[in-house]
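Here are the chains, one letter per residue:
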Amino acid sequence: MRRDLAEFAPNVVHVSSPDPAAHRVVSWARARGLPVLSSVHTRFDTYPRYYNMAWIEPLLTALLRRFYRRCDALVAPSESFAQVLRDQRMNYDISLWSRGVDRALFNPQRRSGEWRASLGLGENEVVIGFLGRLVMEKGLDVFADTIDELVQRGVPHRVLVVGEGPARGWFEARLPQAVFAGFQGGADLARAVASMDVLFNPSITETFGNVTLEAMACGLPVVAAEATGSESLVDDGRSGRLVRPGAIHAFAEALRHYCENAELRAAHGAAGAARAADFSWDRINEAVADTYLRLIRARGRGA
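Residues numbered from 1 in each chain as written. Predicted model: local features only at pLDDT ≥ 70, side-chain atom pairs only at ≥ 80, totals over all residues. Heavy atoms only, no water.

Caption draft 1: Representation of the pattern of salt bridges within the structure. Inspection of the entire model under this criterion finds 17 salt bridges. We note a salt bridge from Arg 116 to Asp 197, for which the minimum N-O separation is 3.1 Å. Within this pair, whereas Arg 116 is found in helix H5 (residues 113–118), its partner Asp 197 is found in the loop between helix H8 (186–194) and strand S8 (198–201), the two being separated by 81 residues in sequence. Connected through salt bridges with shared partners, the residues Glu 149, Arg 153, Glu 253, Arg 256 and Glu 260 form a single ionic network. (Salt bridge = Lys/Arg side-chain N within 4 Å of Asp/Glu carboxyl O. Helix = DSSP H or I, 4+ residues; strand = E, 2+ residues; numbered from the N terminus.)

Caption draft 2: Spotlight on the pairing of strand S7 (residues 179–182). What you see with S7 is no split at all: Val 179 and Ala 181 on one side and Phe 180 and Gly 182 on the other are buried throughout. Examined bridge by bridge, strand S6 (residues 158–162) and S7 share three bridges and lie parallel to one another. In the strand pairing of S7, Leu 160 is matched with Val 179. Once you follow S6 into helix H7 (residues 168–174) and on to S7, the crossover reads as right-handed. (Buried < 20%, exposed > 50% of the residue type's maximum accessible area, 1.4 Å probe, protein only. Pairing = 2+ DSSP bridges. Right-handed = clockwise from strand over helix to strand, strands pointing away.)

Caption draft 3: Seen up close, the packing of helix H9 (residues 210–217) against helix H12 (residues 262–276). For the pair H9 and H12, the least separation of the axes is 7 Å and the interaxial angle reads 115°. Regarding the angle of H9 to H12, the classification is roughly perpendicular. The two elements H9 and H12 cross, and the hand of that crossing is left-handed. Contacts between H9 and H12 involve Leu 213, Met 216 and Ala 217 from the first element and Gly 269, Gly 272, Ala 273, Arg 275 and Ala 276 from the second. Residues that form the contact of H9 with H12 fall into these classes: five nonpolar, two polar and one charged. (Axes fitted to C-alpha atoms, helices over the stretch in contact; angles between N-to-C directions. Parallel < 35°, antiparallel > 145°, perpendicular 65-115°, else oblique. Left-handed = near helix turned anticlockwise from the far one by under 90°. Contact = heavy atoms within 4.5 Å. Nonpolar A, V, L, I, M, F, W, Y, C, P; charged D, E, K, R; others polar.)

Caption draft 4: Representation of H8 within the structure. Listed as buried for H8 are Leu 189, Ala 190, Ala 192, Val 193 and Ala 194. Elements in contact with the buried residues of H8: H5, strand S5 (127–131), S6 and H9.

Caption draft 5: Spotlight on the pairing of strand S3 (residues 73–76). Side chains of S3 alternate between two faces, with Ala 73 and Val 75 and Leu 74 and Ala 76 buried alike. Bridge count for strand S2 (residues 36–39) against S3 is three bridges, and the pairing is parallel. Paired with Leu 37 across the two strands is Ala 73, which belongs to S3. Of the strand pairs in this sheet, S3 and strand S4 (residues 94–96) are connected by three bridges, and their pairing is parallel.

Caption draft 6: Seen up close, the sheet that holds strand S1 (residues 13–15). The four strands are arranged S1-S2-S3-S4 in an open sheet whose pairing can be described as parallel. The open sheet has two edge strands, S1 and S4, and neither has a second partner. Each adjacent strand pair in this sheet contributes to an overall mean axis angle of 25°, direction not counted. Strands in contact with helix H2 (residues 20–31) are S1 and S2; relative to S1, the strand with the most contacts, it is inclined by about 160°.

Caption draft 7: View of the sheet that holds strand S9 (residues 222–225). Across the sheet, which stays open at both edges, the six strands sit in the order S7-S6-S5-S8-S9-S10 with parallel pairing between neighbours. Two strands bound the open sheet, and with one partner strand each, they are S7 and strand S10 (240–243). Across this sheet, the average inter-strand angle for adjacent strands is 20°, counted without regard to direction. Where S5 meets S8, two bridges bridge the pair, whose relative direction is parallel. Bridged to Gly 129 within S8 is Leu 199.

Caption draft 8: Inspection of a nonpolar patch on the surface at higher detail. Together, Tyr 51, Met 53 and Trp 55 make up a nonpolar patch on the protein surface, roughly 370 Å² of accessible area in all. By the element assignment, Met 53 lies in the loop between S2 and helix H3 (57–69). Under the relative-accessibility criterion, Met 53 is labelled partly exposed at 35%. (Patch = residues over 30% accessible without salt bridge, like charges linked within 9 Å, V, L, I, M, F, W, Y side chains within 5 Å. Areas by Shrake-Rupley, 256 points an atom, 1.4 Å probe, with all protein chains shown as cover.)

Caption draft 9: Quick peek at helix H4 (residues 79–87). Among the residues of H4, Ser 80, Phe 81, Ala 82, Val 84 and Leu 85 are the ones counted as buried. Along its buried surface, H4 packs onto S3, S4 and helix H10 (230–233). In the segment just after H4, Arg 89 is the residue with positive phi, at about 60°.

Caption draft 10: Broad picture of the state of the cysteines. Throughout the structure, instances matching the rule amount to zero disulfides. Here Cys 259 stays unpaired: no disulfide links it, and the sulfur of Cys 218, its closest cysteine neighbor, is 18 Å away. What makes Cys 259 buried here is its relative accessible area of 10%. (Disulfide = S-S within 2.5 Å.)

Caption draft 11: A look at the nonpolar core. Counting residues in hydrophobic clusters, the biggest one holds 39 residues, and the most contacted among them are Phe 106, Leu 131, Leu 160, Val 162, Val 193, Met 196 and Val 222. Sequence-distant contacts of Leu 160, that is, excluding residues within four places in its chain, are made with Trp 115, Leu 119, Leu 121, Val 127, Ile 128, Gly 129, Phe 130, Val 179, Ala 181, Ala 192 and Met 196. Grouped together as the second largest cluster of nonpolar side chains are 34 residues, Phe 130, Ile 147, Val 223 and Cys 259 included. (Core = buried A, V, L, I, M, F, W, Y, C linked by side-chain atoms within 4.5 Å.)

Set out below in structure tokens:
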């Protein structure tokens, strides 16, 4: 890597994960007087709580702070997460680098009754979807507990899980009535998302929520945890519902309204699709390019 970097002779270095390789690259750049930008993509400091290791979070936060303070600037995917980074004193130069969605790919026209039927999902059944990597930090326990409450209340629905991961066995055992479609990509992913009726995203580790934006672009209402990422996307009561993290009863109540009211699903889905139109990749990526140039100019002035 050092040989490749030396041959390429960059003007700025961009790291995207605080792993050992990134630590070494930051040291390499600092030794050569090059500016370093780090993009922060996930709440790494929250992961231990899902594996009964919450006691290690303060140490992990301190290690992350040491890494991010060695960088010249940070970019975060949502304003809510950027504020978390500021509150944690991760850096003093934090700006926004949002995420975009390919609306030619993700749109309501991708819905497929034929694909639903192939999975045993009736056209008139309300499908609650989960989309993401199947790991515990995505809130799988909260999702399953909420679905249990809907069953106890007698609310008609079906569950569709799209994604793969090490916790799939646990999730399948926990939700034996759910349909697991496995990993989907490209046009298949867009078809799977558009073929849901509502997305349920209980995760609090998201810093932006790509899955939330993709669902909105497909015209789905979204029920999500009131956390970084989702707060910047979902307009509570207009394009979906934001619920206090872990509040099973409130999650179930929000989903019940969507399961029982087709007009509400359509209205909130349309509002989400309109909001998704704001996330153009060209406009979004211009922000990080401007940050590169700003850091290069500042280093050139000896700042």
